[in-house]
Amino acid sequence: MLDAWRLAVGTLTALRVGHPSRVDRRTAGGAMLLAPLAVVPLGVLVGLIGWAGRELELAPLAVAFVAVGALAMGSRALHLDGLSDVADALTVSYDRERSLDVMKGGTSGPAGSAALVLVLGLQVAALASVLSTPRGPVVAAVLVCVSRATLTVTCARGVPAARDGGLAASYVGTVAPVAVVATWVAAAAVTYGVLDWAGHDWWHGPLVAAAGLAVGTALTLRCVRRLGGVTGDVFGAAIEVTLATLLLGAS
């Protein structure tokens, strides 16, 4: 469990942690299950920025920009890089190998740039709305953590890797279906709890969690169909679109 925790924190955040003593498929699967907990420091950071902005009576939109930027830096901006690469790969060609080559290239093309603007814009606008409510900073912090539950879908058994090697090869197929279901049941319960506490209707939390799961799953299935599987970039893209969906739902 300690190795899985170190792997999750080291992979998903810029925090310094000790190296896992062993990295195998069991450890990788455990890391993906621990992903929502591993990013608690990033969630707390977003919440603190939101709280400070409110106490200083700053414009919610400006505070949201700062919070999203801090979140990106806290994950080394790797998820955003993945979002850009996936958008380019899915639009450049219907040839699988050509798409994978574009994804591996790492440069941001027209579709990647547009995806970054759209998804980040959606995150910032939705987060500004969430932070303008009395309990918004806590809601935002929780949703940052919940968004990482989408990694259980990208790493579920039956989801193949798009190519040999790379980050994804160590993680794909490591999460059992029952663990995926359990993780998202827990995610729905946590989302229900925080949104109910914030004054939303009882059904709002489960609906927001379901929307996040649906969007992350849809992106994963699309990548499997077009690319033959998932890559590390797909992991990052799934996190970003899931977070945008959760924030939008909570707004």
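Everything here concerns the structure above.
Attention here is on the structure that accompanies the text. (Residues numbered from 1 in each chain as written. Predicted model: local features only at pLDDT ≥ 70, side-chain atom pairs only at ≥ 80, totals over all residues. Heavy atoms only, no water.)

Observations regarding the overall build of the protein
Within the protein, the secondary structure is distributed over 14 helices and zero strands. Along the protein, helices and strands appear, N-terminal first, in the series α-α-α-α-α-α-α-α-α-α-α-α-α-α. Since a compact globule built from 251 residues should have a radius of gyration of about 18 Å, the 17 Å found for the protein is in line with a globular shape. In terms of principal-axis extent, the alpha carbons of the protein reach across some 50 × 40 × 35 Å. Residue burial in the protein is summarised as follows: out of 251 residues, 51% are buried. (Helix = DSSP H or I, 4+ residues; strand = E, 2+ residues; numbered from the N terminus. Rg over C-alpha atoms; globule rule 2.2 N^0.38 Å. Buried < 20%, exposed > 50% of the residue type's maximum accessible area, 1.4 Å probe, protein only.)

A closer look at a nonpolar patch on the surface
On the surface, Leu 2, Trp 5, Leu 37, Val 40, Val 44, Leu 48 and Trp 51 cluster together into a nonpolar patch covering about 660 Å² of accessible area. Among the secondary structure elements, those contributing two or more residues to the nonpolar patch are helix H1 (2-12) and helix H4 (40-55). (Patch = residues over 30% accessible without salt bridge, like charges linked within 9 Å, V, L, I, M, F, W, Y side chains within 5 Å. Areas by Shrake-Rupley, 256 points an atom, 1.4 Å probe, with all protein chains shown as cover. Salt bridge = Lys/Arg side-chain N within 4 Å of Asp/Glu carboxyl O.)

Thoughts on unusual backbone geometry
Despite not being glycine, Glu 57 has its phi angle at roughly 60 degrees, a positive value. Note on placement: Glu 57 falls in the loop between H4 and helix H5 (60-74). For Glu 57, a relative accessible area of 73% puts it in the exposed group.

Structural notes on the side chain of Thr 183
In this structure, Thr 183 sits in helix H12 (residues 177-197). Among the polar contacts listed, one links the side chain of Thr 183 to the backbone oxygen of Ala 179, at a separation of 2.8 Å. The residues contacting Thr 183, other than those within four sequence positions of it, are Leu 33, Ala 149 and Thr 152. (Polar contact = N/O pair within 3.5 Å; in protein donor to acceptor, adjacent residues only side chain to side chain. Contact = heavy atoms within 4.5 Å.)

Details of the side chain of Gln 123
Position of Gln 123 among the secondary structure elements: in helix H8 (residues 110-131). Non-local contacts of Gln 123, meaning those with residues more than four positions away in its chain, are made with Val 68, Glu 240, Leu 243, Ala 244 and Leu 247.

Side note on the pattern of salt bridges
Opposite charge on two side chains allows them to pair when their charged atoms are near. Tallied over the entire structure, the rule returns two salt bridges. Across the pair Arg 22 and Asp 24 runs a salt bridge, and its minimum N-O distance is 3.2 Å. Looking at Arg 22, the relative accessible area reads 49%, which means it is partly exposed. Between Arg 96 and Glu 97 there is a salt bridge; the shortest N-O distance is 2.6 Å. You can call Arg 96 partly exposed: its relative accessible area is 31%.

Topic: the nonpolar core
If you look at the biggest cluster of nonpolar residues, it comprises 76 residues, and the most contacted ones within it are Val 86, Leu 127, Leu 219 and Phe 235. Counting residues per element, this core draws most heavily on helix H14 (residues 232-250), at eleven residues. Setting aside residues no more than four positions away along its own chain, Leu 219 makes contact with Val 86, Leu 90, Ala 237, Ala 238 and Val 241. (Core = buried A, V, L, I, M, F, W, Y, C linked by side-chain atoms within 4.5 Å.)

A short note on the environment of Leu 122
Within the secondary structure layout, Leu 122 lies in helix H8. Judged by relative accessible area, which is 34%, Leu 122 ranks as partly exposed. Remark: the alpha-carbon pair of Leu 122 and Leu 207, spanning 85 residues in sequence, is separated by 19 Å. The contact partners of Leu 122, leaving out residues within four places of it in the chain, are Ala 244 and Leu 248.

Considerations on the state of the cysteines
Note: disulfide means a covalent bond formed between the sulfur atoms of two cysteine side chains. If you walk through the whole model with that rule in mind, you get zero disulfides. Of all cysteine sulfurs in the structure, the one in Cys 155 sits closest to Cys 145, which takes part in no disulfide; the separation is 18 Å. What makes Cys 145 buried here is its relative accessible area of 13%. With no disulfide of its own, Cys 155 lies 13 Å from the sulfur of Cys 223, the closest cysteine sulfur. Its relative accessible area of 0% is what places Cys 155 among the buried residues. (Disulfide = S-S within 2.5 Å.)

Considering the packing of aromatic side chains
Enumeration over the complete set of coordinates arrives at one aromatic pair. Ring geometry for Tyr 171 versus Phe 235: centroids 6.3 Å apart, planes at 85 degrees, classification edge-to-face. A residue pair is termed long-range when its members are at least 10 positions apart, and Tyr 171 in the loop between helix H11 (166-169) and H12 and Phe 235 in helix H14 qualify at 64 residues. The buried category is assigned to Phe 235, whose relative accessible area is 6%. (Phe/Tyr/Trp six-rings, centres within 6.5 Å; stacked < 30°, edge-to-face > 60°.)

Things to note about helix H9 (residues 136-147)
Along its twelve residues, H9 runs 16 Å from first to last C-alpha, staying within 8% of the 16 Å computed at 1.5 Å per residue. Of all twelve residues making up H9, eleven are buried, and the element is well covered by its neighbours. Those residues of H9 lying buried are Gly 136, Pro 137, Val 139, Ala 140, Ala 141, Val 142, Leu 143, Val 144, Cys 145, Val 146 and Ser 147. Contact partners of the buried residues in H9: helix H3 (35-38), H4, H5, H8, H12 and H14. (Expected span 1.5 Å × (residues − 1).)

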